[in-house]
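Structural characterization, general
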Amino acid sequence: TTSQPAPAPRRADTRPPATTISMSDSDKPAGQKFNQALKIINISEEDFMKEVKAAFAAADTDNSGAIDKKELTPIVTRVMTAMHDMGEKFSETERTDAVDEVMKLIDANHDGTLDVKEFADAMKLAVLAIASAMAKAI
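Residues numbered from 1 in each chain as written. Predicted model: local features only at pLDDT ≥ 70, side-chain atom pairs only at ≥ 80, totals over all residues. Heavy atoms only, no water.

1. Concerning the packing of aromatic side chains
Aromatic ring pairs: the centre-centre distance and the angle between the two ring planes describe each pair. Here is the rule: For Phe, Tyr and Trp, rings pair up if their centres lie within 6.5 Å, where Trp contributes its six-membered ring, and each pair is then called stacked (planes under 30 degrees apart), edge-to-face (over 60) or tilted (otherwise). Secondary structure is summarised from DSSP: a helix means a run of H or I of at least four residues, a strand means a run of E of at least two, and numbering begins at the N terminus for each. The rule is simple: take the accessible area with a 1.4 Å probe, protein chains only, and divide by the maximum for that residue type; under 20% is buried, over 50% is exposed, in between is partly exposed.
Taken as a whole and assessed by the stated rule, the structure comprises two aromatic pairs. Ring geometry for F34 and F48: centres 5.2 Å apart, planes at 70°, overall edge-to-face. A residue pair is termed long-range when its members are at least 10 positions apart, and F34 in helix 1 (residues 29-40) and F48 in helix 2 (residues 45-59) qualify at 14 residues. Summarising the burial analysis for this pair, F34 and F48 share the class buried. Between F56 and F119, the aromatic rings sit 5.7 Å apart at their centres with planes inclined by 65°, giving edge-to-face as the arrangement. Highlighted residues: F56 in helix 2 and F119 in helix 5 (residues 116-137), separated in sequence by 63 residues. Here F56 matches F119 in class, with each residue buried.

This is the structure:
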């Protein structure tokens with residue numbers, strides 16, 4: 001038999017493993033939490049996915065089918081502005097590195113762009129965070 005070369009070692013990644021939630025995971029704990037979160041914020045799964053696809057299409061300004069760092073920048077800027085308006089403080093480094101950090105966090109296949117599934121997974125995590133905050137406020 002011919003031996004295959006060993007795969008090149010991947011660089012050490014100090015980030016926690018990415019969490020992804022698939023719409024087909026409704027029977028798993030993460031999917032159940034997501035479905036509960038949708039109920040808390042009063043949106044159906046179907047409407048959520050319509051909103052995600054519309055937001056993705058709006059962000060994909062070059063119609064490439066992927067969101068690159070340039071297209072991600074205004075989204076991250078708006079989120080950081082909203083967070084700042086709610087009292088969150090950011091260092092200069094955090095502001096400068098925000099787009100790269102967000103890309104690293106949600107670019108599951110590490111190709112430097114976000115496809116619609118990666119974008120949807122990030123939006124699902126956002127829904128979980130919003131629903132959690134809303135539930136604590138009640």
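Let us keep going from here.
2. Quick look at the environment of A108
Positionally, A108 belongs in the loop between helix 4 (92-106) and helix 5. Distance in space between the C-alpha atoms of A108 and F119 is 9.9 Å, their sequence separation being eleven residues.

3. Quick look at the nonpolar core
The following threshold applies: Side-chain atoms within 4.5 Å are what join buried Ala, Val, Leu, Ile, Met, Phe, Trp, Tyr and Cys residues into a set we call a nonpolar core. Residues count as neighbours in contact if any of their non-hydrogen atoms are within 4.5 Å of one another.
In terms of nonpolar packing, the biggest core is built from 22 residues, with F48, I67, L72, V76, L114 and V127 touching the most fellow members. Mapped by element, the contributors of at least two residues to this core are helix 1, helix 2, helix 3 (69-85), helix 4 and helix 5. Sorting elements by how many residues they give to this core places helix 5 first, with five residues. Ignoring anything within four residues of it in the chain, the contact list for L72 reads I67, V99, V102, M103 and L114.

4. Let's talk about helix 4
Every α-helix carries 3.6 residues per turn, so stepping three or four residues along brings you back to the same face. To keep things clear, this is the line we draw: One fewer than the residue count of a helix, multiplied by 1.5 Å, yields its expected span. Consider a residue and the seven residues that end there alongside the seven that start there; fitting an axis to each set, the bend is the angle between those axes.
Taking 1.5 Å as the rise per residue, helix 4 with 15 residues should run 21 Å; its terminal C-alpha atoms sit 22 Å apart, in good agreement. Along its length, helix 4 reaches its greatest deviation from straightness, about 55°, at A98. Turning to helix 4, its buried residues number three or more, namely A98, V99, M103 and I106.

5. Brief notes about unusual backbone geometry
Residues other than glycine seldom take positive phi values, yet N63 does so here, at roughly 55°. Along the polypeptide, N63 turns up in the loop between helix 2 and helix 3. The class for N63 is exposed, based on a relative accessible area of 68%. A positive phi is found at H110, a non-glycine position, where the angle reads about 55°. Tracing the sequence through the fold places H110 in the loop between helix 4 and helix 5. For H110, a relative accessible area of 43% gives the class partly exposed.

6. Comments concerning the side chain of D60
The condition is simple: Only four residue types enter the charge count: Lys and Arg as positive, Asp and Glu as negative, with His and the chain ends excluded. The term salt bridge refers to a side-chain nitrogen of Lys or Arg lying within 4 Å of a carboxyl oxygen of Asp or Glu. Contacts described as polar in this section are N or O atom pairs within 3.5 Å, which, within protein, must combine one atom able to donate a hydrogen with one able to accept it, while residues neighboring in sequence count only if both atoms come from side chains.
Along the chain, D60 turns up in the loop between helix 2 and helix 3. For the buried residue D60, which engages in no salt bridge, the nearest side chain bearing the opposite charge is K70, 11 Å off. In terms of polar contacts, D60 uses its side chain to reach the backbone amide nitrogen of S64, at 3.1 Å. Once you skip the residues sitting within four places of it in the chain, D60 turns out to touch G65, A66, I67 and E71.

7. Comments concerning the pattern of salt bridges
Oppositely charged side chains are able to pair whenever their charged atoms sit close together. Applying the stated criterion across every chain yields a total of six salt bridges. With its nearest N and O atoms 3.4 Å apart, the salt bridge here joins K50 to E46. Placement of both K50 and E46 in helix 2 is noted, with a separation of four residues, approximately one turn of the helix. In terms of burial, K50 and E46 fall into one category: exposed. Between K117 and D121 there is a salt bridge; the shortest N-O distance is 2.7 Å. Separated by four residues within a single helix, K117 and D121 lie in helix 5, roughly one turn from each other. Note on K117: relative accessible area 47%, which makes it partly exposed. Salt bridges here are not isolated pairs; linked through shared partners, they connect K117, D121 and K124.

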